[in-house]
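These are the residues of each chain, in order.
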Amino acid sequence: MWDWGAYFNLYRTLMQQMVEGANWVQWLFLSIENDDYNLSPVVGLAPFYAACGASRFGYIAGITFTYMLPAIFLLITISILGRRGSSDRKIGLLTFTQIYLFVFMNPSFWAPTLRGYPDVVGLLPLGIATLIAVHWPRSMRKPLLYGLLFGASLWFALMFRRWYAYSIIGIGLGAFVAFSITVVSEREKRNSVAQRQLYFIIAAAIAAGSLAFFLQHNMLIRALTMPYGEMHAAYQMPFEIQAVALIQRMGYPVFAIFVVGTVLGACERNRTIIVCSTASILTYVLFSRTQAPGYQHILPIFFWATPACVYVLMRVNDGIGRYGQGVTTAVVAIFAFVGFASAFSPHAAEKIEPFERVLPQVKAFPLQLSIYPQLMSMIGELKNIVKPG
């Protein structure tokens, strides 16, 4: 039993309505407007329902291939583009292999996906927003258009899962910090640059605000008035304990690399690292005030922490020869495969237990309940008992 059940049940219900020709579009928009757990994340999984039916395998395969893998490839693209401005050297095959293994084999992206959480879908619009925030200032062309696209991307993340509001604030402030540095660094055309960035920010605010107001009005009012901190008090823990748990999930070596990459990127005014690391840190700080992050909540935090880590890998490979790159590739490969295996296989985790402190401490073993059929039978009986009449 791998998956979290709520969205799996929504997936089966919505897909069945699609097959029967019911008015599922109206239900979808009503759900987006009102529901905390709306239907939008499962709409894109329809092809997998057509191929695999209402099976759990089809549902999880749909999340993996429709959302998670594109998000990973988008993250690899963002990370590689972060090299611009620091080095004109091309990325070799060994360096690319390291980046690919480091990102693709990160168990923190796979764990919520295999559990059936569709929250990874939010990384797609956030990734697009990141690309815009990082690369639009290079040309400053069409600020209104790119501002609208940036704002729309932020709203899509909120539409898919409301808790991405913290990530929206994070990437918004990260972009603002990078924009401010650009203005301060500009000497000849400072007023023009500041004006274009102001147009961008206004357009983004109008796009995100308008979409949220007209399509999620009820949910937005509820989100602004509900005391979520009190509601999630049972999921809260002291900040320092949360921080240690997050570092352990990332892995102590990876966290150290993230710190080095963030400091190095900030010193070199690397826009990609500044935007992403700021967004990652702020997302964690803001979210942790409401509740301790779960499997799915760390997705944007690790997503934006990755470019700083990749930046360090690329800089190290720039300073060593091909033989050294071969050694570092072997080290990254071993770290990636062993960490991935220990996260999902209890047998692998047991064998490498003495070394687990240096690996990402993500444990998402298959859930096995010997009395699962009996529990489902009892649930069915309870549902029949509470039915009206």
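Residues numbered from 1 in each chain as written. Predicted model: local features only at pLDDT ≥ 70, side-chain atom pairs only at ≥ 80, totals over all residues. Heavy atoms only, no water.

K.L.:
Before we move on, can you summarise a nonpolar patch on the surface with the specific residues and values?
P.N.:
A surface patch of nonpolar side chains, amounting to about 250 Å² of accessible area, comprises Leu145, Tyr146 and Leu149. Position of Leu145 among the secondary structure elements: in helix α9 (residues 143-160). Using a relative accessible area of 43% as the deciding quantity, one classes Leu145 as partly exposed. (Patch = residues over 30% accessible without salt bridge, like charges linked within 9 Å, V, L, I, M, F, W, Y side chains within 5 Å. Areas by Shrake-Rupley, 256 points an atom, 1.4 Å probe, with all protein chains shown as cover. Salt bridge = Lys/Arg side-chain N within 4 Å of Asp/Glu carboxyl O. Helix = DSSP H or I, 4+ residues; strand = E, 2+ residues; numbered from the N terminus. Buried < 20%, exposed > 50% of the residue type's maximum accessible area, 1.4 Å probe, protein only.)

K.L.:
Break down unusual backbone geometry for me, citing the residues and quoting the values.
P.N.:
Its identity as a non-glycine residue notwithstanding, Lys142 has a phi of 50°, on the positive side. When you line up the elements, Lys142 lands in the loop between α8 (123-135) and α9. Residue classification places Lys142 among the exposed residues on the basis of a relative accessible area of 52%. Residues other than glycine seldom take positive phi values, yet Arg269 does so here, at roughly 55°.

K.L.:
I'd like a rundown of helix α2 (residues 24-34), residues and numbers included.
P.N.:
Listing the buried residues of α2 in full gives Leu28, Ser31 and Ile32. For α2, the buried positions fall inside an angular range of 100° around the axis, keeping them on one side. Structurally, α2 contributes buried residues whose contacts are with α3 (40-43), α9 and α11 (190-215). (Arc of directions from axis to C-beta. Contact = heavy atoms within 4.5 Å.)

K.L.:
Report on the pattern of salt bridges, specifying residues and quantitative values.
P.N.:
Under the defined criterion, the tally for this structure stands at four salt bridges. Notably, a salt bridge pairs Arg162 with Asp36, separated by 2.7 Å at the nearest N-O pair. Remark: Asp36 occurs in the loop between α2 and α3 and Arg162 occurs in the loop between α9 and α10 (165-185); sequence separation between them is 126 residues. Taking the shortest distance from any N to any O, the salt bridge between Arg222 and Asp36 comes out at 2.9 Å. Here Asp36 lies in the loop between α2 and α3 and Arg222 lies in helix α12 (residues 217-225), a separation of 186 residues in the sequence. Each of Asp36, Arg162 and Arg222 takes part in one network of salt bridges that share partners.

K.L.:
Go over the environment of Thr130, please, and point to the residues and values.
P.N.:
Inspection of the secondary structure puts Thr130 in helix α8. Taking the C-alpha atoms as reference points, Thr130 and Ala343, separated by 213 residues in sequence, lie 29 Å from one another. Those residues in contact with Thr130 that lie beyond four places of it in its chain are Ile78, Ile171, Cys276 and Trp304.

K.L.:
Give a description of the packing of α10 against α11 that names residues and reports values.
P.N.:
It is the contact of α10 with α11, at a shortest axis distance of 9 Å, that shows an interaxial angle of 165°. The angle between α10 and α11 places the two elements in the roughly antiparallel class. Here α10 and α11 pass one another in a crossing that is right-handed. Taking contact as the criterion, the partners of Phe176, Phe179, Ser180, Thr182, Val183 and Val184 in α10 are, on α11, Arg190, Val193, Ala194, Gln197, Phe200 and Ile201. In the contact of α10 with α11, the residues fall into eight nonpolar, three polar and one charged. (Axes fitted to C-alpha atoms, helices over the stretch in contact; angles between N-to-C directions. Parallel < 35°, antiparallel > 145°, perpendicular 65-115°, else oblique. Left-handed = near helix turned anticlockwise from the far one by under 90°. Nonpolar A, V, L, I, M, F, W, Y, C, P; charged D, E, K, R; others polar.)

K.L.:
Now, about empty space enclosed by the protein: what can you tell me, with residues and values included?
P.N.:
In this approach, a probe sized like a water molecule rolls over the atoms, and the result shows the empty space that is left. In the structure shown here, the tally under the stated rule is three cavities of 30 Å³ or more. What the largest cavity holds in volume is close to 190 Å³. Lining the largest cavity are 18 residues, and of these Phe102, Asn106, Met250, Val254 and Pro360 sit closest to its centre. Listing elements by their share of the lining of the largest cavity, those giving two or more residues are α6 (93-104), α7 (107-114), α14 (239-250), α17 (299-318) and α18 (322-344). Here the lining of the largest cavity is built from residues that sort into 13 nonpolar, four polar and one charged. (1 Å grid on protein atoms, 1.4 Å probe; cavity = no way out; pocket = protein on both sides within 12 Å on 5 of 7 lines; lining within 4 Å. Points joined across faces, edges and corners; volume = space filled by probe spheres on them.)

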